[in-house]
Amino acid sequence: MGSTTGYAPSSSGARDSVDYIDIHRVLRGLRRRIWLLIFVAIAAAGAFAGIASLQEPQYESSATLMLDPREQRALGNQTQVVQHLKLTSPIVDSEVAVLRGQSLQMRALELVLGDPELARRYYAIDPALQPPGLVDRLQSIASSALSQLFGSAATAGPEPIAEPRDESADLDGRKKRILGVLRKGLSVHRIGESYAINLRQETADPELSATFANALAAVYIQEQVENRRKTMEEVTGWLQVQVDASGRELERAEEAVRDFRVADSWNSKDVLRQQLDEMKVQIAETRADQVTKRAWLQTVASLADENEIMVIAQQQGSSLLQQLHNELEALLREDVRLSSSLSADHPDRRNLAVEMARLRANIDDAVLSYSAGLQSEVEVLHLREKDLEVEIAAMDHKLEQLELTDISFRQLERKADAARISYENLLARLGEARAQVTFERAEAKVIDPAEISLVPSSPKVKLMAAFGAALGLSATLIFIVLREFVSAGFTQANELENHFALPVLGSIPHVRMKKPFAVIAKMNMDRFSPLAERVRQISAILGQKNKSGDTLTMVVMSSLPDEGKTTTAMAMAYTYASFDKRTVLVDLDTRCAEAMPALTQGTGPDLSSWLEKGGDPSACTYPSQQGDFWVIGNRNGAGNMVPPPSRDEIRALLTELSKNFDVIVVDAPPLLVLSDGLAIAKEVDHILMNVRYRKTAKQSVATALALLEKVGERPTGLIMTMTDAKSEPQAYGYGYSYGYS
């Protein structure tokens, strides 16, 4: 009954090769090629060491600056340093950026070029005077070889820049080229989270590295001093102008006050005004005390509500209230300690509760008493305020006439006072600015000057040799392993089809599941998932091949265990049942029964009972608890001891089941493990062979197909299981949601 038409026999070479990963074979291959590993490692180490040795030695020197986070002030003839941390990370990072700036570095270069001996050595690193480098020489050699090989002029490498004839005419250009060389070897960075900045310079001349790093630090400090001095001089000039203008204004205001005093007598008015001022001070103090007392009274009430008794006690200075609060805290801790072992109704805890209630009552009484005293003080202050207001009103009445003439005088006095304060402030600022100019210094200092290095910092020949050896060893190991590695299985459906000349009906994506029957829950949860769609695709293909209207029978098998056979069978049964087909899942993998225990409940007869007693198999068929299909198979482990059904028993079972069901899905044991599947294959319409993605060996599939051919059967098609959707050409990039606008 199996499908034997429609596809040509396999003509591929799948059966003459073993394609599994043999770790022992890989190790043997490594052992055979041990001399290749050693040779490549030594050759790579020598090549990297040779390339490194061809490079010009570089010498590194570093200077360390520290930004001083303290202010400096001048008092008399001495300088006082005031601790006042102002530096922040953004400011330090900004100073690092200044040191990296080309303008400051050019000033440092001009500083060192002032020494004729150093200038000669700096001019020697001008790229215009250098011979072609290693890359240029290699490019030139390659160009010459190509020219000789093809008989035509190849593209030559870049020619060295010729030294200008007139050095003075190209002095700026030479400085820029030299600075470009120095900048390539310059590194400026902050040391951790400190205020220290490291200046690291690397050149082919150790003295140049040290001198330029120190020059850059010196120019940075000098620029700081110059900028600060220039700024303070500008500020001093502006302040001097402001002081002169303020002094003239003060003279005019004081002269106007003197003229007004001469024109009138101020003796009686001064006495009354002094008395009035004193009374105003008294009423202000009274009001302030009243506000303070009222605020504290509200605070006491709030603290009492929040049970902040200790704050009240500390402000009041009451030892009694503190003692009551401490006793209450001690009782609370004791109650917490007892609560872990005693219930709330225990006599000890009830006694504690009574004592705590008494203490709280005493505390409340003390707080109320203290609040009443505060209220009395507030009332006394209020009465005092009223009395002062009456006295001030009477004195204001006396001075009412006098004040009419005092308005102009007070205005003059206020103007004079304001002019005097402004003049004094400006004069003080001018003095500070002049002192700052006198004692101006930089906010940074060199804590570690650069020294001439006697040992080159690069190239590191040993390190490069070790790196080359490691790289060569790794590349050779990868090459040997890849040579010995043979793909453990199939990764594409077309590869599987081409190899065995059989159609691949579908690819079932990998879904994380602990047990095969969990596939039904997965498909139930999302009926439009890639898993459900692929199973429906397989069922649609099989449905098109059986149009007679008879019961559709199929067997799901595999060459080896753990290839998704049971999962596929359950998914197929669930899918056909969802098409309103009466479907039954027949678990004929009798030595590893999983369907009945997982999908059904009860203790009635099962497949082993029918094999022993015969009769109607419908009595051994049970509805699935997780789908609309039926299940027949062994219920428990005892059934595993029953001999597998013969071909006649399988035929009889399928014949009887076809009377009541539209679709029969058979779960068969692995072909290369048990021979039961060969008998089952003879009695069904379709044979579905599972091939696990990347795991099922080609030789295993070929052997299973050879066994089927010996009994005259060929699979209807292959199913690739547990695939990675991302690796397939038609990855699941589409969705199932629709938007409306």
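About the criteria used
- Residues numbered from 1 in each chain as written.
- Predicted model: local features only at pLDDT ≥ 70, side-chain atom pairs only at ≥ 80, totals over all residues.
- Heavy atoms only, no water.
- Helix = DSSP H or I, 4+ residues; strand = E, 2+ residues; numbered from the N terminus.
- Contact = heavy atoms within 4.5 Å.
- Salt bridge = Lys/Arg side-chain N within 4 Å of Asp/Glu carboxyl O.
- Buried < 20%, exposed > 50% of the residue type's maximum accessible area, 1.4 Å probe, protein only.
- Axes fitted to C-alpha atoms, helices over the stretch in contact; angles between N-to-C directions.
- Parallel < 35°, antiparallel > 145°, perpendicular 65-115°, else oblique.
- Nonpolar A, V, L, I, M, F, W, Y, C, P; charged D, E, K, R; others polar.
- Polar contact = N/O pair within 3.5 Å; in protein donor to acceptor, adjacent residues only side chain to side chain.
- Pairing = 2+ DSSP bridges.
- Right-handed = clockwise from strand over helix to strand, strands pointing away.

Student: Pulling in residues and values, what's your account of the environment of Ser209?
Tutor: In this fold, Ser209 is placed in helix α8 (residues 206-263). Not counting residues up to four positions away in its chain, the partners in contact with Ser209 are Tyr59, Ser61, Gln201, Glu202 and Thr203.

Student: Give a detailed account of the pattern of salt bridges, specifying residues and quantitative values.
Tutor: As enumerated under the stated definition, the model contains 25 salt bridges in all. Note that Glu223 and Arg107 form a salt bridge whose closest N and O atoms lie 3.2 Å from each other. In this pair, Glu223 sits in helix α8 while Arg107 sits in helix α4 (residues 102-113), placing the two residues 116 residues apart along the sequence. Of the residues examined, Arg107 reaches a relative accessible area of 28% and is grouped as partly exposed. One salt bridge connects Glu389 with Arg287, and the closest N-O pair in it is separated by 3.0 Å. Within this pair, whereas Glu389 is found in helix α12 (residues 347-438), its partner Arg287 is found in helix α9 (residues 267-305), the two being separated by 102 residues in sequence.

Student: Kindly report on unusual backbone geometry, identifying the contributing residues and their values.
Tutor: With a phi close to 60°, Asp562 is a non-glycine residue in the positive phi region. Tracing the backbone through its elements, the reader meets Asp562 in the loop between β8 (552-558) and α17 (565-578). Located in the positive-phi region is Asp580, a residue other than glycine, with phi close to 65°. When you line up the elements, Asp580 lands in the loop between α17 and β9 (583-587).

Student: Which residues make up the packing of α4 against helix α7 (residues 171-184), and what are the values?
Tutor: Relative to each other, α4 and α7 sit at 110°, their axes nearing to 10 Å. In terms of orientation, α4 and α7 fall into the roughly perpendicular class. Along its contact with α4, which presents Gln102, Gln105, Met106, Leu109, Glu110 and Leu113, the element α7 presents Lys175, Lys176, Ile178, Leu179, Leu182 and Arg183. Across the contact of α4 with α7, the residue classes break down as six nonpolar, two polar and four charged.

Student: Can you explain the side chain of Asn634? Please cite residues and give values.
Tutor: In this structure, Asn634 sits in the loop between β11 (630-632) and α20 (647-658). A relative accessible area of 2% places Asn634 in the buried class. Here Ser608 takes part through its backbone nitrogen, which lies 3.2 Å from a polar atom of the side chain of Asn634.

Student: Before we move on, could you go through the sheet that holds strand β10 (residues 622-623) and cite the residues and values that matter?
Tutor: Across the sheet, eight strands lie side by side as β7-β14-β13-β8-β12-β9-β11-β10; this open sheet has mixed pairing. One side of each edge strand has no neighbouring strand; the edge strands of this open sheet are β7 (504-509) and β10. Where β10 and β11 come together, two bridges link them in antiparallel fashion. Its bridge partner lying in β11, Pro623 is registered against Trp630. Contacting β7, β8, β9, β12 (663-667), β13 (686-692) and β14 (717-723), α17 runs over the sheet at an angle of about 160° to β8. Along the sheet face, α20 touches β9, β11 and β12 and points at about 150° away from the line of β12.

Student: Explain the pairing of β13 residue by residue, including any values.
Tutor: Along β13, seven of the seven residues are buried, which leaves the element largely enclosed by surrounding structure. Sheet analysis places β8 next to β13, joined by five bridges and oriented parallel. Note that in β13 the partner of Val555 across the bridge is Ile687. As for the winding sense of the linkage, the β-α-β connection from β13 through helix α22 (residues 698-710) to β14 is right-handed.

Student: Could you give an account of the packing of α4 against helix α5 (residues 116-123), with specific residues and numbers?
Tutor: It is at 7 Å that the axes of α4 and α5 come closest, and there the two elements cross at 120°. What the angle tells us is that α4 and α5 run oblique. Along the contact surface, α4 presents Leu109, Val112 and Leu113, while α5 presents Leu118, Ala119, Tyr122 and Tyr123. When its residues are assigned to classes, the contact of α4 with α5 shows seven nonpolar, no polar and no charged.

Limitation: the analysis is restricted to geometry and does not speak to function.
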